[in-house]
Amino acid sequence: MYVPDIELYEARTIDELFDLSSRYASAKILAGGTDLLVDLKAGRVSASSLISIKKIDSLKHISLDESGLCIGSLATITQLNGSSLVREQFPSLIDATSRMAAPQVRNAATVGGNIVSAVPCADLPPILMALNASVVVKSSKNERKIPLSSFFIHVRKTTLLPGEVVTSIIVPTPRTGSGAAYERFSLRDGNSIAVAGVAANLRFSKRGEIESTRLVLGAVSPTPKLVEDAENTMVGHMLDDEIGTKVASIAMADCNPIDDVRGSAAFRREIVGVLTKRALQSAWARAQRVKS
Ligand SMILES: Cc1cc2nc3c(=O)[nH]c(=O)nc-3n(C[C@H](O)[C@H](O)[C@H](O)COP(=O)(O)OP(=O)(O)OC[C@H]3O[C@@H](n4cnc5c(N)ncnc54)[C@H](O)[C@@H]3O)c2cc1C
């Protein structure tokens, strides 16, 4: 399999990108290429031209300000995984980055590409959604902020419009008493995509009960799945075995997995139950640590 003949253009600034996009309207954006080049080779995607954004340095930052963690869309998975800021304040993102792909892929793969690809088994979307993250999207005419919970429409389909580029991802700073975690199951370590993934984000009230929670499932429905009933079941309770088992059953009933070479739908559903309990326990333990 070869990449078909393609014209390649390179933008070094966002303005250059918009200029190139206006001249080559059907061109696709190329970031790390770890999804797009594979899709072009496999014939899942066709394009006569690509615009590489890899050299736009202004999209590579990872920083913290009053709105939270700001991740430039071109930050690589390696960069995110190695960030001391992320490790200390957003350890649940490290749960995902430390399990993704292998070092060679992580060095090229970007956070923006992982989101825009909108592949159901992608690891960052579920945990970013659990953390209430938004994407900042720019076109030559305007800028908008889209909550990740309304960004994904279907498999490989998002609300991104032609001519728009994702510039950054904003993750709100967790409030005191919060803890989050991501758990995934894959068939082996390294270069193996998720068979199922579960992200949990909990917050305690001053009385020590769960005040809010967000549970998001990955790889078991066309888009990351927010388990809405989890919140109703957990609020006002402590996390014990009974509540964990109840929420695990709700998550298992709420997902819509497929059968494929990595596992049957029934197997995936069972795994969702196990991962839900683990993610909740780990998020709970992290929240307790922050509280004390
Ligand atoms: C061997 C292998 C193992 C992998 N394992 C995992 C894994 O364990 N977990 C996982 O989640 N993923 C995995 N992946 C998938 C892949 O590495 C990620 O999805 C990666 O983060 C995609 O980013 P990229 O920069 O390579 O995107 P690209 O391939 O460059 O682009 C992907 C898509 O996003 C669009 N795009 C990219 N950036 C932007 C932007 N800023 N604005 C608008 N559109 C944009 C492109 O046009 C394209 O449609 C694996 C891939 C390989 C090849």
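Right above here is the structure, for reference.
Cut-offs applied
Residues numbered from 1 in each chain as written. Predicted model: local features only at pLDDT ≥ 70, side-chain atom pairs only at ≥ 80, totals over all residues. Heavy atoms only, no water. Buried < 20%, exposed > 50% of the residue type's maximum accessible area, 1.4 Å probe, protein only. Helix = DSSP H or I, 4+ residues; strand = E, 2+ residues; numbered from the N terminus. Arc of directions from axis to C-beta. Contact = heavy atoms within 4.5 Å. 1 Å grid on protein atoms, 1.4 Å probe; cavity = no way out; pocket = protein on both sides within 12 Å on 5 of 7 lines; lining within 4 Å. Points joined across faces, edges and corners; volume = space filled by probe spheres on them. Nonpolar A, V, L, I, M, F, W, Y, C, P; charged D, E, K, R; others polar. Domains from an automatic or database assignment.

1. Comments concerning helix 1 (residues 14–23)
- Of the positions making up helix 1, those classed as buried are Ile14, Leu17, Phe18 and Leu20. Angular distribution of buried residues about the axis of helix 1 spans 165°; they occupy a single face of the element. Those residues of helix 1 that are exposed and aimed more than 90 degrees away from the buried face are Asp15, Ser22 and Arg23.
- Those residues of helix 1 that are buried are in contact with strand 1 (7–10), strand 2 (28–30), strand 3 (49–52), strand 6 (134–138) and strand 10 (165–171).

2. Section: the layout of surface pockets
- What the second largest pocket holds in volume is close to 480 Å³.
- As for the second largest pocket, its lining consists of 26 residues, and the residues nearest its centre are Pro174, Arg175, Ser178, Gly179 and Asn201.
- Listing elements by their share of the lining of the second largest pocket, those giving two or more residues are helix 4 (84–89), helix 5 (91–97), strand 11 (178–185), strand 12 (196–204), strand 13 (210–218) and helix 11 (265–291).
- Here the residues of the lining of the second largest pocket are counted per class, giving nine nonpolar, 10 polar and seven charged.
- When residues of the lining of the second largest pocket are sorted by domain, at least three fall in each of domain 2 (57–171) and domain 3 (178–291).

3. Considerations on the side chain of Ser139
- Secondary-structure assignment places Ser139 in the loop between strand 6 and strand 7 (143–147).
- Dropping the residues within four chain positions of it, Ser139 is found in contact with Phe18, Gly163 and Glu164.

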